[in-house]
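# What the coordinates show
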Amino acid sequence: MESFLDDTFDVKAKHAPDEALEKWRKLCGVVKNPKRRFRFTANISKRSEAAAMRRTNQEKLRIAVLVSKAAFQFISSVSPSDYTVPPEVKAAGFDICADELGSIVEGHDVKKLRFHGGVNGIAQKLCTSTNDGLPKDADALNRRQELFGINKFAESESKSFWVFVWEALHDMTLMILAVCAFVSLIVGIATEGWPKGAHDGLGIVASIMLVVFVTATSDYRQSLQFKDLDKEKKKISIQVTRNGFRQKMSIYELLPGDIVHLAIGDQVPADGLFVSGFSVLIDESSLTGESEPVMVGAETPFLLSGTKVQDGSCKMLITTVGMRTQWGKLMATLSEGGDDETPLQVKLNGVATIIGKIGLFFAVITFAVLVQGLVVRKWKDGSHVDWSAEEAMEMLEYFAIAVTIVVVAVPEGLPLAVTLSLAFAMKKMMNDKALVRHLAACETMGSATTICSDKTGTLTTNHMTVVKSCICMSVREVGNPSKFANMKSELHDSALKLLLQSIFNNTGGEVVMSKEGKREILGTPTEAAILEFGLSLGGDFQAEREAVKLVKLEPFNSTKKRMGAVVELPVDGGRLRAHSKGASEIVLASCEKVINSKGEVVALDDSSLKFLQATIDQFASEALRTLCLAYKEVQGGFSPNDLIPESGYTCIGIVGIKDPVRPGVKESVAVCHAAGIAVRMVTGDNINTAKAIARECGILTSDGVAIEGPVFREKSQAELLELIPKIQVMARSSPLDKHTLVKHLRTTFDDVVAVTGDGTNDAPALHEADIGLAMGIAGTEVAKESADVIILDDNFSTIVTVAKWGRSVYINIQKFVQFQLTVNVVALVVNFSSACMTGPPVGRKGHFITNVMWRNILGQSFYQFLIIWKLQASGKSMFELEGSDSDLVLNTIIFNSFVFCQVFNEISSREMESINVFKGMLNNYVFVMVLVATVAFQIIIIEFLGTFANTTHLTSHQWGACVLIGFIGMPIAAILKLVPV
């Protein structure tokens, strides 16, 4: 069975091709209720529509780019387009409408942009400021929203409970039984009158409605869980300037005229125009399918919603939002495409299909045997020509029995039970600060064997402070006001000026005033720590920025491990100066000079170099993150298109940044090791820093290997095969190193790999891994888009919690499959044998169908088959039953025993291996409520619904016997758990 399912119903957990998804759907063939079976699977046709839309967008943008290039050449000879402001727009105080804005950006229309006065002209017509953003006026914002729309995409309406009821009624077998119920009602009332003749038909109707409402309730609750999770997935915040203040806002609150700040890894939240920035590269593949990044600047200022910032940083002016953008239209189509089905869902669909075919076969045989028995009996009686109404009803009963065998045999809800379990786990993980973006990740995380974790922010707190420095060749401890005051007084004025200029200009962060008038530092934790260091030395961020002109800024690059800036010094006659900051040994290697303790620039000789290298090693051995700051006077002019120099620098100094290990990480790593999960640290930091942190976390052991990325990538294939299993720490790694490590672990060593990442360049490794884990706080939107799970608190302990939930999902599904398949197999065998070997069940058909439906909801267990067989054979003598109602009493005892067998089987199934199944049971109030409701409903059926269910009152002795028969399953289950497997 397992090999058949692997060959036939096998899809990848990630990036499954559409052909594989189509294949298993075709193999399932005819199903009882396609609306339910395929509800939580990918809509391949909608995905095809989205792909076609991307191709259309690509062609549109290609033409727009060609047109804009031509426009640049002939702009002076082309007369400006005529444009009339709509009256309602003019009345609201604006000079441009949403359609005109949309045509400018989407069409890359340079001519129209020039006609409206460029970016500044558009800003004026939108009544906004490129410096201060939109004014804080609620009425004006509401008017703006009414005219230009909101930044939200059209979503399909939520289904009501009654829609799920309607879909549950589409079950083919239930529809057939409904026809049987209708015929039974008509014939019964016609022959026996009301209400006696209606009992059989109403019994079938009650059974159908019970199944329908239980199914609909389960599906409806499941849909609500998915809706809540979808809302969490769509929570994206971005930096915006409004009313002169920088603030974080949801992208869904943006309006045309807003000024948005973009950095590497951000998603462009709406269509807009470039205002200012440096080295902006945009990845438009999500919108157009085009893999080549596009350079955006003053000449080509068009930014499209849904694209990603691959490099650089900038300010943009929002022009078009929501469904007016191509991304909005694409998202509306993509949202209907759905998630890929998980491997377990597909396999259980295969199981349901196989059992369904077996059930259908047995149903046909059962019907044929029963009809053959009736025909033979009539042939012997010589009445085969004459058929009465009673005999027609008997034929209808046989058909209903055959249909019911299909109902009880086919586990139609088996694949949906997996989805329900995964949805429950997703909700619980959300409470534990883990947002699951793809269902399959819940499954896959349960079988993870390796976790490749970042250091900064995952194993550490990401709350960074500068605690040591080596400025002007002098090592100092810093951290409190008095030490900063001493350091400031000891530094030469020229050296201090250079240091502050480097800190405040060569940065991706900012120091701004909040609405409350407090100073606020924006940027990554590393940038914030450096800026705080500069402020503590008496620096003024705004004054330093205004004192120079920023010519070019290259943001930090994880490949180069450094960032750089070039500034023009107006006070010094327009001289140009380059600043560099990054990994200490890399920046120091590009230095030729150093500032000494007197503030003089001197050559970087061997003794000075060794001193600085020893300082770096010392800082790193104390688990400090080290950065080197340097500068260079640029000669011969510099253009923003030129590359920032990478050599010839003068070392200003080195800082040591403390980032404490998170509480509980060491214990979490130990839990992983105990569970058979290897933990590896992959970081861009100095190897000594990485080793110190790894030892503190319990990752690096005596037999483990710590290696640097440049050394790792020089190894041969044979050396890698021997080395990779031993690697516990990889320092100074590039994104390609991480990708290579993950690929080898997955393909060569057959590991199931979980990888953490927060940067744009981590996307390939997150994509390659079995489970990509992006950081919710420090992570970029590009990393989150590539991830399967977002760790909302950036905590390694949360990753361990995700692994626990993943294993829990597997265990729960194992329990359910064991439970459900026993139900279907035993129900199939018992009902087939009862119908074929002993003839139709004793009593009216309403009794048989109602009880079978009820038993199907409760489930069966394998040992019941033997018990029921024994009761059928010698139950009357065992219970000393005599008289005309003995058959009815025996049937009631059999039915009651079945139910109590399953009640105790539910308890036994709580644990797969442990004998003590009662541990923690009372803490699970849902489980206890189900058991109580089952027993209570069973008492009602037996004692009060005898007319409809065709049951009869049982004595206390008979009730006790039924409970005892049910209890027998528990010691049997306990004994089976002792058998080694």
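In this text, all values refer to a predicted model and were calculated from it rather than measured experimentally.

### Some words on the overall build of the chain
The secondary structure content of the chain amounts to 39 helices and 26 strands. The proportion of buried residues among the 981 residues of the chain is 53%. Within the chain, contacts between residues at least 6 apart in sequence are counted, and of these 72% link residues at least 24 apart. Carbon and sulfur atoms make up 58% of the accessible area of the chain, which totals about 43,400 Å².

### A word on the packing of helix 38 (residues 956-967) against helix 39 (residues 969-978)
When two helices pack together, you describe them by how their axes are tilted relative to each other and by the distance separating the axes. For the pair helix 38 and helix 39, interaxial distance at closest approach is 5 Å and the crossing angle is 10°. Here helix 39 runs roughly parallel to helix 38, going by the angle between their axes. Taken together, the residues of helix 39 that come into contact with helix 38 (itself represented by Ile965, Gly966 and Phe967) are Gly969, Met970 and Pro971. Considering only residue class, the contact of helix 38 with helix 39 consists of 4 nonpolar, 2 polar and no charged.

### What to know about the nonpolar core
Residues Met445, Ile771, Val789 and Phe796 are the most contacted members of the largest nonpolar core, which totals 52 residues. A per-element tally of this core places helix 32 (residues 796-837) first, with 9 residues. Aside from chain neighbours lying at most four places away, what touches Met445 is Ala754, Ile771, Leu773, Ile799, Val802, Ala803 and Gly806.

### Re the UniProt feature "transmembrane region" (unreviewed entry) in the chain
Within the UniProt annotation, "transmembrane region" (unreviewed entry) is assigned to residues 168-190, 202-220, 354-375, 395-425, 925-946 and 958-979. Between the first and last C-alpha atoms of residues 202-220 the distance is 26 Å; the span itself is 100% helix and 0% strand. For residues 925-946, the helix share is 95%, the strand share is 0%, and the end-to-end C-alpha distance is 31 Å.

### A few points about the pairing of strand 13 (residues 519-522)
Bridging between strand 12 (residues 510-513) and strand 13 involves 4 bridges; their strand directions are antiparallel. Within strand 13, the position partnered with Met513 by the bridge is Arg519. Taking the residues between adjacent antiparallel strands as the criterion, strand 12 and strand 13 are bridged by 5 residues, where Gly517 takes a positive phi near 85°.

### With respect to unusual backbone geometry
Phi at Asn243 is positive, roughly 55°, even though this residue is not glycine. Relative to the elements of secondary structure, Asn243 occurs in the loop between strand 1 (237-242) and strand 2 (245-250). Here Asn243 falls in the partly exposed class, since its relative accessible area comes to 38%. You will see that Lys433, though not glycine, has its phi angle at about 70°, which is positive. Mapped onto the elements, Lys433 comes out in the loop between helix 17 (414-431) and strand 8 (434-436).

### Focus: the environment of Arg221
One can find Arg221 in helix 12 (residues 199-233). We classify Arg221 as exposed; its relative accessible area is 58%. Note: C-alpha distance between Arg221 and Phe161 (60 residues apart in sequence) is 9.0 Å.

### Let's talk about the packing of helix 24 (residues 606-621) against helix 26 (residues 687-697)
In contact at an axis separation of 7 Å, helix 24 and helix 26 are set at 15° when each is read in the N-to-C sense. Considered as vectors, helix 24 and helix 26 are oriented roughly parallel to each other. Of the two possible hands of crossing, helix 24 and helix 26 adopt the one that is right-handed. Residue-level contacts link Asp617, Ala620 and Ser621 of helix 24 to Asn688, Thr689 and Ala692 of helix 26. Looking at the contact of helix 24 with helix 26 residue by residue, the classes come out as 2 nonpolar, 3 polar and 1 charged.

### Overview of a nonpolar patch on the surface
On the surface, Trp162, Val205, Met209 and Phe213 cluster together to form a nonpolar patch covering roughly 360 Å² of accessible area. Considering the arrangement of structural elements, one finds Met209 in helix 12.

### Things to note about the sheet that holds strand 23 (residues 727-731)
Ordered by their spatial adjacency, 8 strands build an open sheet running 8-26-25-24-9-21-23-22, and the pairing between neighbours is mixed. Every interior strand has two partners, whereas the edge strands, strand 8 and strand 22 (705-708), have only one. Strand-to-strand twist of the sheet, defined as the mean angle between neighbouring strand axes without regard to direction, takes the value 20°. Sheet topology note: the strand 24 (residues 753-757)/strand 25 (residues 771-775) ladder contains 4 bridges and is parallel. By the bridge assignment for strand 25, Val755 is matched with Gly772.

### A short note on the pattern of salt bridges
The final tally for this structure, using the stated rule, is 23 salt bridges. Glu781 serves as the salt-bridge partner of Lys784, at 3.6 Å between the closest nitrogen and oxygen. Placement of the pair is Lys784 and Glu781 together in helix 31 (residues 781-786), with a separation of 3 residues, close to one helical turn. Since its relative accessible area comes to 14%, Lys784 is described here as buried. According to the relative accessible area criterion, Glu781 is buried, its value standing at 11%.

### Observations concerning the side chain of Thr319
By the element assignment, Thr319 lies in strand 7 (residues 308-320). Ignoring anything within four residues of it in the chain, the contact list for Thr319 reads Leu101, Val105, Ile122, Pro256, Asp271, Gly272 and Leu273.

### Some remarks on the packing of aromatic side chains
Inspection of the entire model under this criterion finds 11 aromatic pairs. Their ring planes at 90° and their centres at 6.2 Å tell us that Trp162 and Phe213 sit as a pair that is edge-to-face. With Trp162 in helix 10 (residues 161-168) and Phe213 in helix 12, the pair connects residues that are 51 residues apart, well separated along the chain. Judged by its relative accessible area of 57%, Trp162 falls in the exposed class. In this structure Phe213 comes out as partly exposed when scored by relative accessible area, which is 31%. A network of ring pairs unites the aromatic residues Phe161, Trp162, Phe164, Phe213 and Tyr220 as a single cluster. Sitting over the ring of Phe115, Lys125 keeps its end group 5.8 Å from the ring centre.

### Regarding helix 8 (residues 118-125)
Residues lying three or four places apart along an α-helix face the same way, a consequence of the helix completing one turn every 3.6 residues. Along helix 8, the residues classified as buried are Gly118, Val119, Gly121, Ile122 and Ala123. Where helix 8 is buried, its residues meet helix 6 (98-106), helix 7 (110-115), strand 4 (271-283) and strand 7. Positive phi appears at Cys127, one or two residues downstream of helix 8, with a value of about 55°.

### Considerations on helix 24
Look at helix 24: 22 Å from first C-alpha to last across 16 residues, which is about the 22 Å you get at 1.5 Å a residue. All of the buried residues in helix 24 are Ser608, Leu612, Thr615, Ile616, Phe619 and Ala620. The arc enclosing the buried residues of helix 24, seen along the axis, measures out at 130°, which places them on a common side. Facing away from the buried surface of helix 24 by more than 90 degrees, the exposed residues are Asp606, Ser607 and Lys610. Just downstream of helix 24, Ala623 is the residue with a positive phi angle, here 65°.

### Here we look at the side chain of His579
When you line up the elements, His579 lands in strand 16 (residues 575-583). Polar contacts involving the side chain of His579 include one to the side chain of Gln501, which spans 2.9 Å. Residues contacting His579, with those up to four places away along its chain left out, are Leu498, Gln501, Ser502, Asn506, Met563, Gly564, Ala565, Val567, Ala630, Tyr631 and Tyr649.

### Let's talk about the environment of Ile777
Structurally, Ile777 is set in the loop between strand 25 and helix 31. Ile777 sits in the exposed class, given a relative accessible area of 59%. Sequence-distant contacts of Ile777, defined by excluding residues within four places in its chain, comprise Leu792, Asp793 and Asp794.

Thresholds applied
Residues numbered from 1 in each chain as written. Predicted model: local features only at pLDDT ≥ 70, side-chain atom pairs only at ≥ 80, totals over all residues. Heavy atoms only, no water. Helix = DSSP H or I, 4+ residues; strand = E, 2+ residues; numbered from the N terminus. Buried < 20%, exposed > 50% of the residue type's maximum accessible area, 1.4 Å probe, protein only. Contact = heavy atoms within 4.5 Å. Areas by Shrake-Rupley, 256 points an atom, 1.4 Å probe, with all protein chains shown as cover. Axes fitted to C-alpha atoms, helices over the stretch in contact; angles between N-to-C directions. Parallel < 35°, antiparallel > 145°, perpendicular 65-115°, else oblique. Nonpolar A, V, L, I, M, F, W, Y, C, P; charged D, E, K, R; others polar. Core = buried A, V, L, I, M, F, W, Y, C linked by side-chain atoms within 4.5 Å. UniProt positions renumbered as here; feature names shortened; annotations may be inferred. Pairing = 2+ DSSP bridges. Left-handed = near helix turned anticlockwise from the far one by under 90°. Patch = residues over 30% accessible without salt bridge, like charges linked within 9 Å, V, L, I, M, F, W, Y side chains within 5 Å. Salt bridge = Lys/Arg side-chain N within 4 Å of Asp/Glu carboxyl O. Phe/Tyr/Trp six-rings, centres within 6.5 Å; stacked < 30°, edge-to-face > 60°. Lys NZ or Arg CZ within 6 Å of the ring centre and 35° of its normal. Expected span 1.5 Å × (residues − 1). Arc of directions from axis to C-beta. Polar contact = N/O pair within 3.5 Å; in protein donor to acceptor, adjacent residues only side chain to side chain.

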